[in-house]
Amino acid sequence: MFDLSQFYSYCQQNAVDVIPYAGMPAPGATIRDGEDIAIFLDVQSIGTLRQLKGICLHELGHAATGALHKVSSPYETVGRSEYRANRWAAQQYLSVEAFYEAFDAGCRDLWELAEYFDLPEQDVKNALTYWTEQREVVFSKE
């Protein structure tokens with residue numbers, strides 16, 4: 001499971017700056033300037049700790065994979081970057097094994113899984129979609 005200490009440890013070990021910045025068009029953004037990478041967080045627009053964790057996990061996916069794009073990039077390029085960041089998050093923190101542990105704990109519905117992982121439902125849904133549709137994992141409902 002993902003927690004914020006993992007986010008900050010990764011950033012510290014990989015020289016990724018974390019910068020609070022109010023008034024951004026999105027609650028989180030990862031930006032590269034040459035070899036430098038920074039993750040900007042609009043903490044004023046983030047309402048819950050769960051939302052913050054989801055944003056940090058997603059932005060960490062961008063930083064770890066280098067899946068970044070220019071603001072003026074075509075929609076297709078933006079989509080590829082988002083897919084790579086979500087895929088990384090699934091592979092690192094929302095793995096098949098992690099889902100089986102959640103199912104063994106009695107979680108079945110999306111909201112239960114989101115509570116179990118303490119992440120937003122959309123992040124859990126992205127990971128489930130990746131495993132079931134892209135990797136063709138079949139989670140049995142025994």
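The present account deals with the structure reproduced in this document. (Residues numbered from 1 in each chain as written. Predicted model: local features only at pLDDT ≥ 70, side-chain atom pairs only at ≥ 80, totals over all residues. Heavy atoms only, no water.)

### As for helix α1 (residues 4–13)
The criterion, for reference: We call a residue buried when its accessible area falls under 20% of the maximum for its residue type, exposed when it is over 50%, and partly exposed in between, using a 1.4 Å probe and counting protein chains only. Every helix listed is a DSSP run of H or I at least four residues long, and every strand listed is a run of E at least two residues long, numbered separately from the N terminus. By construction, the arc corresponds to the directions joining the helix axis to the C-beta atoms. Here, residues are in contact when the closest pair of their heavy atoms is within 4.5 Å.
Turning to α1, its buried residues are L4, F7 and C11. Taken down its axis, α1 places every buried residue within 55 degrees of arc, on the same side. For α1, the exposed residues set more than 90 degrees away from the buried face come down to Q12 and Q13. In this structure, the buried side of α1 is in contact with β1 (16–20), β3 (36–41) and α2 (49–65). Of the residues trailing α1, A15 is marked for its positive phi of about 55 degrees.

### Concerning the packing of helix α3 (residues 75–93) against helix α6 (residues 121–134)
How two helices sit against one another is set out by the angle between their axes and by the gap between those axes. Cut-off, in case you're wondering: Only the contacting stretch of a helix is used when fitting its axis, a line to C-alpha atoms as for every element, and angles between N-to-C directions run 0 to 180 degrees. Small angles under 35 degrees read as roughly parallel and large ones over 145 as roughly antiparallel, with 65 to 115 read as roughly perpendicular and the rest as oblique. Residues are sorted three ways: Asp, Glu, Lys and Arg are charged, Ala, Val, Leu, Ile, Met, Phe, Trp, Tyr, Cys and Pro are nonpolar, and all the rest, Gly among them, are polar.
Following both chains from N to C, one finds α3 and α6 inclined at 90 degrees, their axes separated by 9 Å at the closest point. Taken as axis vectors, α3 and α6 run roughly perpendicular relative to one another. Here Y83, N86, R87, A90 and Q91 of α3 lie close against α6, whose contacting residues are N126, A127, Y130, W131 and Q134. Among the residues making up the contact of α3 with α6, the classes are represented as 5 nonpolar, 4 polar and 1 charged.

Keep in mind these numbers describe shape, not what the thing actually does.
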